[in-house]
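So you can see what is in the structure, the chains are spelled out below.
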Amino acid sequence: MTLRAAVLGHPISHSKSPALHLAAYAKLGLDIGYSAIDVMVDRLPAFMESLRGDESWCGLSVTMPLKTAMIREVDEVRGAGAQLGVINTVVFEHDGGGVRRAGYNTDVAGIVESVRHAGVASAPHAAILGGGGTSAAAVAAVHELGAGHVDVFVRDASRASDAEAAAAAVGISLAVRPLTEAATAVAAAELVISTFPPRAADGLAEELASLPGTGAGVLLDVAYDPWPSRIAEVWSGHGGAVVPGLEMLMYQAAEQIRLFSGRDVDAAVIDVMCDSVGLPRRVF
């Protein structure tokens, strides 16, 4: 039987997840199909109910705006997902008693692995742009990288609840600051993680362009289409290291593939995943 997996979200047509997953399953010799399905928050319960009883499903990748809503659709949340209250992965576990849906958050691993390969061994001074679902994973990631405090820059302080909850869960102090204060602060940070959607950081990029010394640290921009983003161009132009969001996506997908298939994802699998989306390979 061909097993099934998919990425859910809205909009979803731009997703690179199908290419990454299908390349990995082909390399591993696994008969697992993977598609992209457009699902809005209000349609999520009905969609998840429609899968009940279908034993062909092995996993779901979950992107915006479903990462918080999916919590209500699983039987158990594990690992970082349980701490953060935000998940991006659902694993269908089959046993004699039926199917159990387990939720995970692989974004944390994706962030940590991608910035480590950029040379970030620790990040005591980190900043995050944006306060939504992905920022929760970013908070947990910088904590794992050794930060005791993180500044989160947002347009609207009332929309930083995911980041604040994550900070409380992992035990890191957090300050919510207005985006108008971001330019000078991030220019001096060792690690900056932008969780903004495409083009949302363009205004900040122009502010950074006028500052000397921008790019002393590492910037991870989780948005990957279009690429390079304006903020990535400015950061790189000032001599800083830039980690593309596509690299984070690849590493979090690798963790999902392990969970969906039970197989190890080694360097050879990483190679074909990189090739599938045109991602230059670092020394892994």
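Coordinates for the structure precede this section.
This write-up is about the structure you can find in this document. (Residues numbered from 1 in each chain as written. Predicted model: local features only at pLDDT ≥ 70, side-chain atom pairs only at ≥ 80, totals over all residues. Heavy atoms only, no water.)

1. Points about the environment of S15
How we decide: The way it works is that DSSP assigns letters per residue, a run of H or I at least four long becomes a helix, a run of E at least two long becomes a strand, and they are numbered from the N terminus. Should any heavy atoms of two residues lie within 4.5 Å, those residues are considered in contact.
Note on placement: S15 falls in the loop between β1 (3-9) and α1 (17-28). Sequence spacing of S15 and T134 is 119 residues, and the spatial spacing of their C-alpha atoms is 16 Å. If we skip the residues at most four places from it in the chain, S15 touches V7 and Y224.

2. What about the packing of aromatic side chains?
Selection rule: The rule is short: rings of Phe, Tyr and Trp, with Trp giving its six-membered ring, pair when the centres are within 6.5 Å, and they are stacked under 30 degrees, edge-to-face over 60, tilted in between. Charge-over-ring placement is defined geometrically: NZ (Lys) or CZ (Arg) within 6 Å of the ring centre, and within 35 degrees of the ring normal.
Taken as a whole and assessed by the stated rule, the structure comprises 0 aromatic pairs. In this structure, R155 is placed above the aromatic ring of F196, and the distance from its NZ or CZ to the ring centre is 5.1 Å.

3. Section: the environment of A5
By the element assignment, A5 lies in strand β1. On a C-alpha basis, the gap between A5 and S61 in space is 7.8 Å, while along the polypeptide they are 56 residues apart. Discounting residues that sit within four places of it in the chain, A5 has contacts with I32, G33, Y34, S35, W57, C58, G59 and F260.

4. Focus: the pattern of salt bridges
Between side chains of opposite charge, pairing is possible as soon as their charged atoms come close. Cut-off, in case you're wondering: In the sections that follow, a salt bridge refers to a side-chain nitrogen of Lys or Arg positioned within 4 Å of a carboxyl oxygen of Asp or Glu. Partly exposed describes any residue whose relative accessible area lies between the buried limit of under 20% and the exposed limit of over 50%, with all areas from a 1.4 Å probe on protein chains only and scaled to the type maximum.
Counted by the stated rule, this structure contains 12 salt bridges. Notably, a salt bridge pairs D54 with R4, separated by 3.5 Å at the nearest N-O pair. Of the two residues, D54 sits in the loop between α2 (44-50) and β3 (57-62) while R4 sits in strand β1, which places them 50 residues apart along the sequence. With relative accessibility at 29%, the residue D54 sits in the partly exposed group. Two residues, D107 and K67, come together in a salt bridge whose shortest N-O distance is 2.7 Å. Pair noted here: D107 is in helix α4 (residues 107-116) and K67 is in the loop between β3 and β4 (76-77), with a separation of 40 residues, a long-range link. With respect to class, D107 is no different from K67; both count as buried. Overlapping salt bridges bring together E76, R78, E93 and R100 as one network.

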